[in-house]
Amino acid sequence: MQKRWGIVKLLAAAAALAPSSLCYAQNQDQQFTNVEIRVIRQKFFQKSVRVELGANLAAVMNKAYTYTYLPSAKLGLHMTEWLEIFGEGAVGITINKSDCTELGSKFSIEPIVDEFDNMIGGGVALTPIYGKYQMSSGDVVYFDWFLVAGGGLANMKQREQGCKPRAPDEPVKVPTPYSPPQFNFGMGQRFFLNKSAALNWYLRDYVIANKAGALGQSVMLSFGASYYL
């Protein structure tokens, strides 16, 4: 009998506490009705305090008589998620356009052409935008958008021969080398393949003085890949 009486007391006490517990829960719910709870995820790709090894192939887009391609290598250090310092070097490969061949063979005109021999320099990159988008397959692509500015030295060659077919008795004109400073600025994107590698593209405008001292522009578009240590 005493055991049953104890159970009855326990049930009575629980029944008395239930309304107060319900009121407390309701008060707690009302207290946080105007509070928005967000889950903050870590970025998929972390660049801060990492070394970047990169390789690119650039093409000069705005020259009238030649195509110039510049295979390049890059070594960068990401100080933070948004700030990178880097050094880079490139070697120039120049091929005549059809306009050059036509001027030389049909009209015997030999335009003066400035060619890239090689280029070295460095710069800084700022990354203000980091984002992602979902493809129709359901895969998520992570990317960032960066601004870049730099400078260095451009080793150039000014040629006066190469469009017009050379006559057998015509002497060979050796291109004149010169090494003006170069300044560049532009932008690009990285597309992250995993947590150690990315594909990228750049669009950069190089300001370089020719042999006469007049400033000219070389607009370069490049594509490449990077590995992060």
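Source: prediction; values computed, not measured. (Residues numbered from 1 in each chain as written. Predicted model: local features only at pLDDT ≥ 70, side-chain atom pairs only at ≥ 80, totals over all residues. Heavy atoms only, no water.)

Q: How should I be thinking about a nonpolar patch on the surface in this particular structure?
A: A cluster of nonpolar side chains, contributed by L57, Y67, Y69, I93 and I95, occupies part of the molecular surface with about 460 Å² of accessible area. Elements with a minimum of two residues in the nonpolar patch: β2 (66–78) and β4 (93–96). Among the structural elements, I93 can be located in strand β4. (Patch = residues over 30% accessible without salt bridge, like charges linked within 9 Å, V, L, I, M, F, W, Y side chains within 5 Å. Areas by Shrake-Rupley, 256 points an atom, 1.4 Å probe, with all protein chains shown as cover. Salt bridge = Lys/Arg side-chain N within 4 Å of Asp/Glu carboxyl O. Helix = DSSP H or I, 4+ residues; strand = E, 2+ residues; numbered from the N terminus.)

Q: Quick question: what am I supposed to make of empty space enclosed by the protein here?
A: The gaps of empty space that remain are located by a probe, the size of a water molecule, rolled over the atoms. Applying the stated rule across the entire model yields one cavity of 30 Å³ or more. Estimates place the volume of the largest cavity at around 210 Å³. Every residue lining the largest cavity is counted, 18 residues in all, and those nearest its centre are A58, S72, E88, R204 and Y206. Sorting the residues of the lining of the largest cavity by element identifies β1 (50–60), β2, β3 (83–91), β5 (113–134), β8 (181–192), β9 (197–209) and β10 (215–228) as the ones contributing at least two each. (1 Å grid on protein atoms, 1.4 Å probe; cavity = no way out; pocket = protein on both sides within 12 Å on 5 of 7 lines; lining within 4 Å. Points joined across faces, edges and corners; volume = space filled by probe spheres on them.)

Q: Where do I start with the state of the cysteines in this structure?
A: Formally, a disulfide is one covalent bond, and it connects the sulfur atom of one cysteine to the sulfur atom of another. Following the criterion strictly, the structure yields one disulfide and no others. A disulfide bridge connects C100 with C163, and the sulfur atoms are separated by 1.8 Å. Measuring handedness by torsion sign, the sulfur bridge of C100 and C163 sits at about -110 degrees and is left-handed. Taken together, the residues span a long stretch of sequence, with C100 in helix α2 (residues 98–107) and C163 in the loop between β6 (140–159) and β7 (176–178) at a distance of 63 residues. Side by side, C100 and C163 carry an identical accessibility label, which is buried. (Disulfide = S-S within 2.5 Å. Buried < 20%, exposed > 50% of the residue type's maximum accessible area, 1.4 Å probe, protein only.)

Q: Just checking my understanding: could you explain α2 for this structure?
A: Since the α-helix packs 3.6 residues into each turn, any two residues three or four apart lie on the same face. Inspection of α2 places C100, L103 and G104 among the buried residues, and these make up the whole buried set. The arc that holds the buried residues of α2, viewed along the axis, is 90 degrees, so those residues lie on one side. Turned more than 90 degrees off the buried face of α2, the exposed positions are S98 and K106. Lining the buried residues of α2 we find β4 and β6. At the C-terminal side of α2, S108 shows a positive phi close to 55 degrees. (Arc of directions from axis to C-beta. Contact = heavy atoms within 4.5 Å.)

Q: Explanation requested: the nonpolar core in the structure shown.
A: The nonpolar side chains of a soluble globular protein tend to be buried with one another. Listed in full, the 12 residues of the largest apolar core are A58, V60, L70, A90, F116, M119, A154, M156, Y178, Y206, I208 and M220. Secondary structure elements with two or more residues in this core: β1, β5, β6 and β9. (Core = buried A, V, L, I, M, F, W, Y, C linked by side-chain atoms within 4.5 Å.)

Q: Whenever I open this one, the environment of F192 confuses me. Can you help?
A: Within the element layout of this structure, F192 appears in strand β8. Owing to a relative accessible area of 7%, F192 belongs among the buried residues under this scheme. Taking C-alpha positions, F192 is 9.7 Å from A225, a pair spaced 33 residues apart along the chain. When sequence neighbours within four positions are dropped, the list of residues in contact with F192 reads F44, F45, Y130, Y142, F143, D144, A197 and A198.

Q: Whenever I open this one, the side chain of D205 confuses me. Can you help?
A: Mapped onto the elements, D205 comes out in strand β9. Buried within the structure, D205 lacks any salt-bridge partner; K63 is the closest side chain of opposite charge, at an N-O distance of 8.7 Å. At 2.7 Å, the side chain of D205 forms a polar contact with the side chain of Q217. If sequence neighbours within four positions are ignored, D205 has contacts with F183, N184, F185, Q217, S218 and V219. (Lys, Arg positive; Asp, Glu negative; His and termini not counted. Polar contact = N/O pair within 3.5 Å; in protein donor to acceptor, adjacent residues only side chain to side chain.)

Q: Which parts of the structure should I look at to understand the pairing of β3?
A: Taken residue by residue, a regular strand's side chains alternate between the two faces of the sheet. Of the two faces of β3, only one is covered, namely that formed by E84, F86, E88 and A90; the face formed by L83, I85, G87, G89 and V91 stays uncovered. Two elements, β2 and β3, share seven bridges in a ladder whose sense is antiparallel. Bridge pairing in β3 places G76 opposite F86. Linking β2 back to β3 in an antiparallel pair, the connection comprises four residues. Both β3 and β5 contribute to a ladder of nine bridges, which runs antiparallel. Within β5, the position partnered with A90 by the bridge is M119. (Pairing = 2+ DSSP bridges.)

Q: Explain the layout of surface pockets here, please?
A: Here the largest pocket is characterised by a volume of approximately 250 Å³. Every element with two or more residues in the lining of the largest pocket is listed here: β5, β9 and β10. Considering every element that reaches the lining of the largest pocket, the biggest residue donor is β10, with four residues. In terms of residue class, the lining of the largest pocket is made up of 10 nonpolar, five polar and two charged. (Nonpolar A, V, L, I, M, F, W, Y, C, P; charged D, E, K, R; others polar.)

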